[in-house]
Amino acid sequence: MLVMKTNEIRNKFLKFFEKKSHVIWPSDSLVPQNDPTLLFTGAGMNQFKDMFLGKGNLDFKKATTCQKCLRTGDIDNVGKTASHHTFFEMLGNFSFGDYFKTETIEWAWEFLTQELKIPEERLRVSVYKDDQESYEIWGKNIGVPPSKIYRYGEKDNFWPANAPLLGPNGPCGPCSEIFFDQGEKVGCGRKECEPACDCGRFVEIWNLVFTQYNRTEGGKLVPLPNRNVDTGMGLERMARVMQGVQTNFDIDIFSPIIKSLEEITQIKYSGKDGHAILMRRIADHLKACVFCISDGVLPGNEGRSYVERRLLRRAIRDGTQLGVKDCFLYKLVPIVSNVMQEYYPDIKQRRENIARIVKSEEEKFHETLELGTARLKELMDVLQRNKQKVLSGQEAFKLYDTYGFPMDMTELILEEKGFAVDKDGFENELKKQRLQARTSSQMTGQVFDTGPLSRIKDISKGTEFLGYQEDACEAKVIALIQGDTLVEAAVAGGEITVILDRTPFYGESGGQIGDTGVLESNGNQVRITDTKKNNDFILHVGKVTKGEIKTGEVIRAKIDIQRRNSIRRNHSATHVLHYVLRKVIGQHAEQSGSLVAPDRLRFDFHHFSGLTQEEITRIEDMANEIILTNVPVVVKELPIQEARNAGAMALFGEKYGELVRMAAIGDFSKELCGGTHVHYSGEIGLFRIIGESSVAAGIRRIEAMTGMAALNRDRDKERLINEMCNVLNTNEDKLIPKTQDLLSELKNLQKEVHKVKQKEISGKVDSFIEHAKEVSGVKIIARKLDEATADDLRKTADMLMKSAKEMAIILGAAQNGRVTIIAALSPNLVKCGLHAGNLSKEIAKVVGGGGGGRPEMAQAGGQWPEKLDEALSFATELLSKKIREGALLSSG
Ligand code: SER
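Since this is a predicted model, take the numbers as computed values, not measurements.

### Some details on helix H22 (residues 735–770)
Inference 1: With 36 residues, H22 ought to run about 52 Å at 1.5 Å a step, and its terminal C-alpha atoms sit 52 Å apart, in line with that.
Inference 2: Where H22 is concerned, the buried positions are Leu 735, Ile 761, Val 765, Phe 768 and Ile 769.

Here is the structure:
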């Protein structure tokens, strides 16, 4: 058999189907671009769901892709088996109502036997048990002997597996699978072994799905308007077959990662023992994370970010089990980038940045491990003290959940010290949390979204956006949505979402917020307060303010042009900022998110430390220079390759089609962008940075203003300075020295006041001690200090405390209509059971208040100053009583 590199297989596949007049379509991002119901893209067909349902508007019927996929369903098998992955690439060919079973099967066979030259006798196939048509195509057209065609049920030969019975709803259909036979020597060795056997002899290499049904509520299989094809070939598996190696981890795009791991760990990869499992898992998980980060997902605590954090942490932990003490994963990022760069140039371009993010997560996790270990030690001490042996499930879960401390580590450490953990209890807590997460998560994994929009897709392909050129236009009302329902009309006062056939309103996307404006017709009016985007539809959200609005009628749609102009300015300024940032602090400072609003812009970018004032000034200066140069801003559509050749920046995680929009600001910035822009850079006006902060590890944020907003902000600042000058009775030049003088004067005065107070307190202290009541050898002082603050009271109490061994002190003061009480006890009294917190609380009741604190010192407050004397007499009595009891106790 031929030996073929992974890149070669990928290219051959795409080219083969291109020759069969398929469009080579780019992979969707791992974050599904048009499907909020999915956590990650898990199959090639995800991005084509609307096409299968007859609602999509791509203008071709045959496509082929190499799709980046991430699935975590089989995560526990990763590393243990030869072929499980979280991240993998899936090759596929798709027909949207074009060819069906015959061509699919014939082309698949042709590709495998003629392009890849796999000997026919090494292949077996399976079909769905009731799919006679496919059975016959394999038998009659291709000539596969009946002994090598297997008929299986819904579990093996329906996609999604078991869909008729268990769902999910959405496109589905019978499938036919192709297997590579590794020969009798591999696996169970039984003569009658067949593809359904899980011994590993047969490698499933290609799944041909005939997507002809739409599963709806209750498991009904409704025939789709078109009969479609969705095939999926796991690239890594195919490479394993073509490279004649034992596992996917031995292929050319994995072995360099494993080799580097051998160097880092100084452990030989045997392919078999426990170490091999760990190494494979590290390689898999790291690759998944590199691709996630490149698609804009950063490690975090929710949704996708949490999945990524878990993957990274599992890999780090596996590293520690291999004896690696320091951060190591980040060192492997360039290796992943090297093996993947041919088809994924972005990964190469961003590898330093990705490595930094991985490293920062590693550092964080090491800290977590330290904290967790310390906490676990405390817990073991408690167990020891209570003579217990088993750590509760709740505590173990808390360690896992709050500290991010892995359960198997908890187990390991406990075991070493002779303890155990309640695993069932832990599992229960875990289950509870999962249930909660599932119910609170929006991402249900439904194969497609339901609701009014899905019905609108039946009648319209989408809204035409005219807003690049027009501020207003005539448009037809396609649909009206109120709440979750499609309605025919809405009258004044009604909140409504309007869908038009065309519109000048920009739907929120790419960081730019939605337009506002009005829809009008013959005295009727809808005020639009926000505009959103959903797939190809633009949703105008607002309220009917006059008359009514009806489906089918023609209205005039007009945006708030002043507001849009401000947005334009901020959007173009964002591009200028992006360009300048990379010049000033380095090429790594790529955009990771943005918000373009009328009054300001927010720009998040990759960088690891805060910007200095000097850097901020340079950025601001350079941006303003580009603005003042007043270069034209040219926005045009062009093929993606041309845009890339021109050096246009693409964004992390964004997926682009063949034709892209590029915004060029003179010869400075070039970016792929769907937003709205000014015509000349000068229109941006003044550019001011108003804030710089941290958003997450490795991500910084700049907030800025442009145009009139920046001018107004500067004017406000000027006004503030003028007011300060008025208040301080000075002028701008002298504002700082005058303020400094005042501050030092204030400081001197404070010192003076302090001295006087100290003197006064010392005088009082002497007199208090002289007149103190004494009970059982304890001096009791319950006195009032006029006009004293809590701090004065505390200081007095401290000074008093030093004057005798056994003391109980209650000091009270009334100031501004409120009472403050301080209670202090010498250590011996505390030992005898007296508690300053409890005493102050009881005493404060007399002045209508409460309080509490530590046993030796506490503070309380109240609202009846007139009762302070009464409270102090009560305090004396209370203390005397308690001290007597305490004395009895300690002597008894
Ligand atoms: N959707 C099918 C799969 O994921 C074929 O592409 O296996």
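### Some points on the pattern of salt bridges
Inference 1: Counted by the stated rule, this structure contains 52 salt bridges.
Inference 2: Lys 268 is the salt-bridge partner of Glu 262, the closest N and O atoms lying 3.3 Å from each other.
Inference 3: What makes Lys 268 exposed here is its relative accessible area of 66%.
Inference 4: Residue Arg 375 pairs with Glu 378 through a salt bridge whose shortest N-O separation is 2.9 Å.

### Focus: the site of the ligand
Inference 1: All residues adjacent to the ligand are Ala 43, Met 45, Arg 71, Met 90, Trp 159, Asn 207, Val 209, Asp 230, Thr 231 and Gly 232.
Inference 2: Here an oxygen atom of the ligand and a side-chain polar atom of Asn 207 are 3.2 Å apart.
Inference 3: The contact in question runs from an oxygen atom of the ligand to an N or O atom on the backbone of Gly 232, over 3.2 Å.
Inference 4: Alone, the ligand offers 240 Å² of accessible surface; in the complex the protein occludes 94% of this.
Inference 5: Sorting the residues of the shell around the ligand by element identifies strand E8 (202–216) and strand E9 (220–234) as the ones contributing at least two each.
Inference 6: The dominant element in the shell around the ligand, judged by the number of residues it contributes, is E9, at three residues.

### Considering the environment of Leu 116
Inference 1: Along the chain, the position of Leu 116 falls in the loop between helix H3 (101–115) and strand E4 (123–128).
Inference 2: Given a relative accessible area of 0%, Leu 116 falls into the buried group.
Inference 3: Once the C-alpha coordinates of Leu 116 and Met 4 are considered, the two residues, 112 residues apart in sequence, prove to be 8.3 Å apart.
Inference 4: Apart from the residues within four sequence positions on either side, Leu 116 is in contact with Leu 2, Met 4, Lys 12, Phe 111, Met 238 and Met 242.

### A short note on the side chain of Ser 360
Inference 1: If you trace the backbone, Ser 360 turns up in helix H13 (residues 351–385).
Inference 2: On the accessibility criterion, Ser 360 (11% relative accessible area) is buried.

### Re H3
Inference 1: Between its first and last C-alpha, H3 extends 20 Å over 15 residues, near the 21 Å set by a 1.5 Å rise per residue.
Inference 2: Among all positions of H3, only Lys 101, Thr 104, Ile 105, Trp 107, Ala 108, Trp 109, Phe 111, Leu 112 and Thr 113 are buried.
Inference 3: In the stretch just after H3, Lys 117 is the one whose phi turns positive, near 55°.

### Let's talk about a nonpolar patch on the surface
Inference 1: A surface patch of nonpolar side chains, about 250 Å² in accessible area, is lined by Leu 686, Met 708 and Leu 711.
Inference 2: With respect to the secondary-structure elements, Met 708 resides in helix H21 (residues 707–728).

### Topic: the sheet that holds strand E29 (residues 699–706)
Inference 1: Taken in spatial order, the four strands line up as E23-E24-E29-E28 in an open sheet, and their pairing is antiparallel. Each edge of the open sheet is held by one strand with a lone partner, namely strand E23 (591–596) and strand E28 (687–696). With direction set aside, neighbouring strand axes in the sheet form an average angle of 15°.
Inference 2: Sheet topology note: the E23/strand E24 (residues 601–606) ladder contains five bridges and is antiparallel. By the bridge assignment for E24, Gln 591 is matched with Phe 605.

### Some details on the packing of aromatic side chains
Inference 1: The final tally for this structure, using the stated rule, is 28 aromatic pairs.
Inference 2: Geometrically, the ring pair formed by Tyr 150 and Tyr 152 is stacked, given 6.1 Å between the ring centres and 15° between the ring planes.
Inference 3: Assessed through its relative accessible area of 12%, Tyr 150 is described here as buried.
Inference 4: Residues Phe 603 and Phe 605 carry aromatic rings whose centres are separated by 6.3 Å and whose planes lie at 20° to one another, so their mutual orientation is stacked.
Inference 5: An aromatic cluster is defined as three or more aromatic residues linked by ring pairs; in this entry it consists of Phe 13, Phe 16, Phe 17, Tyr 99, Trp 107, Phe 111 and Trp 206.
Inference 6: The ring of Tyr 330 has Lys 359 lying over it, and the distance from NZ or CZ to the ring centre is 5.0 Å.

### What about the confidence of the model for the chain?
Inference 1: Looking at the chain as a whole, its pLDDT mean stands at 91, while 97% of the residues score no less than 70.
Inference 2: For residues 438–448, every residue scores under 50 in pLDDT, and the model assigns this stretch 25 contacts once sequence neighbours within four places are set aside.

### Examining the side chain of Gln 591
Inference 1: Tracing the backbone through its elements, the reader meets Gln 591 in strand E23.
Inference 2: Here Gln 591 falls in the buried class, since its relative accessible area comes to 8%.
Inference 3: In terms of polar contacts, Gln 591 uses its side chain to reach the side chain of Ser 594, at 3.3 Å.

### Quick notes on the pairing of E29
Inference 1: The element E29 is extensively covered by neighbouring structure, given that seven of its eight residues are classed as buried.
Inference 2: Joining the antiparallel neighbours E28 and E29 is a turn of two residues, in which Gly 698 adopts a positive phi near 80°.

### Observations concerning the nonpolar core
Inference 1: Ranked by internal contacts, the top residues of the largest apolar core, which has 110 residues, are Leu 112, Trp 138, Ile 178, Trp 206, Met 238 and Leu 329.
Inference 2: By residue number, the principal contributor to this core is helix H9 (residues 274–294), which donates 12 residues.
Inference 3: Apart from the residues lying within four places of it in its own chain, the contact partners of Trp 138 are Ile 105, Trp 109, Val 125, Val 127, Gly 143, Val 144, Ile 149, Ser 176, Ile 178 and Leu 208.
Inference 4: Counting residues in each nonpolar core, the second largest holds 27 residues, with Leu 834, Ala 858, Ala 860 and Leu 879 among its members.

### Quick word on the packing of H9 against helix H10 (residues 303–321)
Inference 1: Viewed as axis vectors pointing N to C, H9 and H10 meet at an angle of 150°, and their least axial separation amounts to 9 Å. Seen from above, H9 lies across H10 with left-handed handedness. Residues Leu 278, Arg 281, Ile 282, His 285, Ala 288, Cys 289, Cys 292 and Ile 293 of H9 touch H10, and the partners they reach there are Glu 308, Leu 311, Leu 312, Arg 314, Ala 315, Asp 318, Gly 319 and Gln 321.
Inference 2: When grouped by side-chain class, the residues that make up the contact of H9 with H10 number nine nonpolar, three polar and four charged.

### A word on the packing of helix H11 (residues 329–340) against H13
Inference 1: H13 packs onto H11 with a crossing angle of 150° between their chain directions and a minimal axis gap of 8 Å. Taken together, the axes of H11 and H13 are roughly antiparallel relative to one another. Here H11 runs over H13; the crossing is right-handed. Of H13, the residues touching H11 (which contributes Leu 329, Tyr 330, Val 333, Pro 334, Ser 337 and Asn 338) are Arg 351, Ile 354, Ala 355, Val 358, Lys 359 and Glu 362.

### A word on the state of the cysteines
Where two cysteines share a covalent bond between their sulfur atoms, that bond is called a disulfide.
Inference 1: Applying the stated criterion to the full structure yields zero disulfides.
Inference 2: Left without a disulfide partner, Cys 175 is nearest to the cysteine sulfur of Cys 172, which lies 11 Å away.
Inference 3: A residue is classified by how much of its surface remains accessible, and Cys 175, at 1% relative accessible area, is buried.
Inference 4: Unpaired in terms of disulfides, Cys 292 finds its nearest cysteine sulfur in Cys 289, a separation of 6.0 Å.

### So, unusual backbone geometry
Inference 1: Cis peptide bonds are those with omega within 30 degrees of zero, and the linkage from Trp 159 to Pro 160 qualifies with -5°.
Inference 2: Residue position: Pro 160 is located in the loop between strand E6 (158–159) and helix H6 (163–166).
Inference 3: Residue Pro 168 is reached from Gly 167 by a cis peptide bond, and omega for that bond is 5°.
Inference 4: Mapped onto the elements, Pro 168 comes out in the loop between H6 and strand E7 (170–181).
Inference 5: Here the phi dihedral of Lys 387 falls at roughly 55°; this positive angle occurs in a residue that is not glycine.
Inference 6: Among the secondary structure elements, Lys 387 is positioned in the loop between H13 and strand E10 (390–391).

### Observations concerning the UniProt feature "binding site: Zn(2+)" (unreviewed entry) in the chain
Inference 1: The feature "binding site: Zn(2+)" (unreviewed entry), as given by UniProt, occupies His 571, His 575, Cys 673 and His 677 in the numbering adopted here. Across 107 residues of sequence, these annotated residues stay compact in space, with a maximum C-alpha separation of 9.9 Å.
Inference 2: Along the polypeptide, His 571 turns up in helix H18 (residues 561–585).
Inference 3: Looking at the element boundaries, His 575 is found in helix H18.
Inference 4: For His 575, a relative accessible area of 2% corresponds to the buried category.
Inference 5: Ignoring sequence-local partners within four residues, the contact set of His 575 consists of Ala 663, Ile 665, Ser 669, Glu 671, Cys 673 and His 677.

Criteria and thresholds
Residues numbered from 1 in each chain as written. Predicted model: local features only at pLDDT ≥ 70, side-chain atom pairs only at ≥ 80, totals over all residues. Heavy atoms only, no water. Helix = DSSP H or I, 4+ residues; strand = E, 2+ residues; numbered from the N terminus. Expected span 1.5 Å × (residues − 1). Buried < 20%, exposed > 50% of the residue type's maximum accessible area, 1.4 Å probe, protein only. Salt bridge = Lys/Arg side-chain N within 4 Å of Asp/Glu carboxyl O. Near = heavy atom within 4 Å. Polar contact = N/O pair within 3.5 Å; in protein donor to acceptor, adjacent residues only side chain to side chain. Areas by Shrake-Rupley, 256 points an atom, 1.4 Å probe, with all protein chains shown as cover. Contact = heavy atoms within 4.5 Å. Patch = residues over 30% accessible without salt bridge, like charges linked within 9 Å, V, L, I, M, F, W, Y side chains within 5 Å. Pairing = 2+ DSSP bridges. Axes fitted to C-alpha atoms, helices over the stretch in contact; angles between N-to-C directions. Phe/Tyr/Trp six-rings, centres within 6.5 Å; stacked < 30°, edge-to-face > 60°. Lys NZ or Arg CZ within 6 Å of the ring centre and 35° of its normal. pLDDT = per-residue confidence, 0-100. Core = buried A, V, L, I, M, F, W, Y, C linked by side-chain atoms within 4.5 Å. Left-handed = near helix turned anticlockwise from the far one by under 90°. Nonpolar A, V, L, I, M, F, W, Y, C, P; charged D, E, K, R; others polar. Parallel < 35°, antiparallel > 145°, perpendicular 65-115°, else oblique. Disulfide = S-S within 2.5 Å. UniProt positions renumbered as here; feature names shortened; annotations may be inferred.

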